[in-house]
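Below, each chain spelled out in residue letters.
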Amino acid sequence: MKPNKGNVCIRERDYVYEFNAGNQHLVLTVPLKFPVQENVSHLHGRLMLLHNLPCFIENDLKQSLSKFIEEETIKDYDREAEMALEAVKSGKVDINQLADAWSKAYKETTLEYAKPEETSWDEDFADVYHDLIHSPASETLLNLEHNYFVSISELISERDVELKKLRERQGAEMDKVMQELGKSLTDQDVNSLAAQHFESQQDLENKWTNELKQSSAIQKQEYQEWVIKLHQDLKNPNNSSIRHRCTAKIFGVFQSVHL
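Residues numbered from 1 in each chain as written. Predicted model: local features only at pLDDT ≥ 70, side-chain atom pairs only at ≥ 80, totals over all residues. Heavy atoms only, no water.

**Student:** I tried to follow the pattern of salt bridges on my own but got confused; where do I start?
**Tutor:** Oppositely charged side chains can pair when the atoms bearing their charge come close. Following the criterion strictly, the structure yields 10 salt bridges and no others. Close ionic contact of Arg-13 with Glu-72 constitutes a salt bridge, the shortest N to O distance being 3.1 Å. Here Glu-72 lies in helix H2 (residues 58–89) and Arg-13 lies in strand E2 (residues 8–21), a separation of 59 residues in the sequence. Residue class for Arg-13 comes out buried when judged on its relative accessible area of 16%. Among the residues examined, Glu-72 registers a relative accessible area of 11% and is labelled buried. Ionic pairing is found between Glu-72 and Lys-75, a salt bridge with its closest N-O pair at 3.3 Å. With a gap of three residues between them, Glu-72 and Lys-75 both fall in helix H2, about one helical turn apart. On the accessibility criterion, Lys-75 (43% relative accessible area) is partly exposed. Through salt bridges with shared partners, a single ionic network connects Arg-11, Arg-13, Glu-72, Lys-75, Asp-76 and Arg-79. (Salt bridge = Lys/Arg side-chain N within 4 Å of Asp/Glu carboxyl O. Helix = DSSP H or I, 4+ residues; strand = E, 2+ residues; numbered from the N terminus. Buried < 20%, exposed > 50% of the residue type's maximum accessible area, 1.4 Å probe, protein only.)

Okay, here's the thing in structure tokens:
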């Protein structure tokens, strides 16, 4: 059990599922980290694919997995609640400070007490974008957005190809292991390989998720900055030459982007 950012404890537990296939009694053991961040349906589908599980256990496996995650999550909540109550009883937490913190949180999150929200930068940008999209600069904006779309699409295609190659390689490895099951290899060997495959897929997916997020964030920042500059030039009727240079530069920059 290791402390994570935001005082969240990461706990790893083995999910065990047993089933019969013909005369064989098989056991699937998968290490899961709690709190589980992944969608249960997504996780269930990956387990079916990764371990080449028979279709007749699909529904039962999903119900079993959902129940396991729900029960273990509730146990964690109960454990954390008991620790919090114990901290109050033992005097480690001051009740008055706790009451003040709850009161402050309630007022900050309740509309009746909340302060009027100030106009955000994104809202200001939305107004600027609205002006430009209904101006002669609209074609330039659409071209920029198209270039962004192409760049991200290329990244997604690269991700899909890499994930497909990994799954094919893992499928071949699992086929070889299953052929040796009961001979030179045991259920534990199969489960160990399956866990390694699962972790490798998680790592690869996380890598691509982070890369896509980073690329999107950079694109958003650059796009917003150039839109603001273009809007400022268009607002100045005596600055048409600068406006054209700015437009040309924007278009040229994003035409040359290859992520």
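**Student:** I'm lost on the packing of helix H1 (residues 40–50) against helix H6 (residues 187–235) in this one. Help?
**Tutor:** The angle between the axes and the distance between the axes are what describe a pair of packed helices. Axis separation between H1 and H6 bottoms out at 11 Å; the angle between their running directions is 130 degrees. One finds that H1 runs oblique with respect to H6. Here H1 and H6 pass one another in a crossing that is right-handed. Facing H1, whose interface residues are His-42, Leu-43, Arg-46, Leu-47 and Leu-50, H6 presents Ala-194, His-197, Phe-198, Gln-201, Gln-202 and Glu-205. (Axes fitted to C-alpha atoms, helices over the stretch in contact; angles between N-to-C directions. Parallel < 35°, antiparallel > 145°, perpendicular 65-115°, else oblique. Left-handed = near helix turned anticlockwise from the far one by under 90°. Contact = heavy atoms within 4.5 Å.)

**Student:** Explain the packing of aromatic side chains here, please?
**Tutor:** How two aromatic rings sit relative to each other is given by the distance of their centres and the angle of their planes. Enumeration over the complete set of coordinates arrives at four aromatic pairs. On the basis of an interplanar angle of 80 degrees and a centroid distance of 5.5 Å, the ring pair of Tyr-148 and Tyr-223 is categorised as edge-to-face. One end of the pair, Tyr-148, is in helix H5 (residues 138–180); the other, Tyr-223, is in helix H6, and 75 residues separate them in sequence. The same class applies to Tyr-148 as to Tyr-223, namely buried. Three or more aromatic residues link up through ring pairs in this structure, and these residues are Tyr-15, Phe-34 and Phe-68. In this structure, Lys-229 packs its charged tip against the face of Trp-226, placed 4.6 Å from the ring centre. (Phe/Tyr/Trp six-rings, centres within 6.5 Å; stacked < 30°, edge-to-face > 60°. Lys NZ or Arg CZ within 6 Å of the ring centre and 35° of its normal.)

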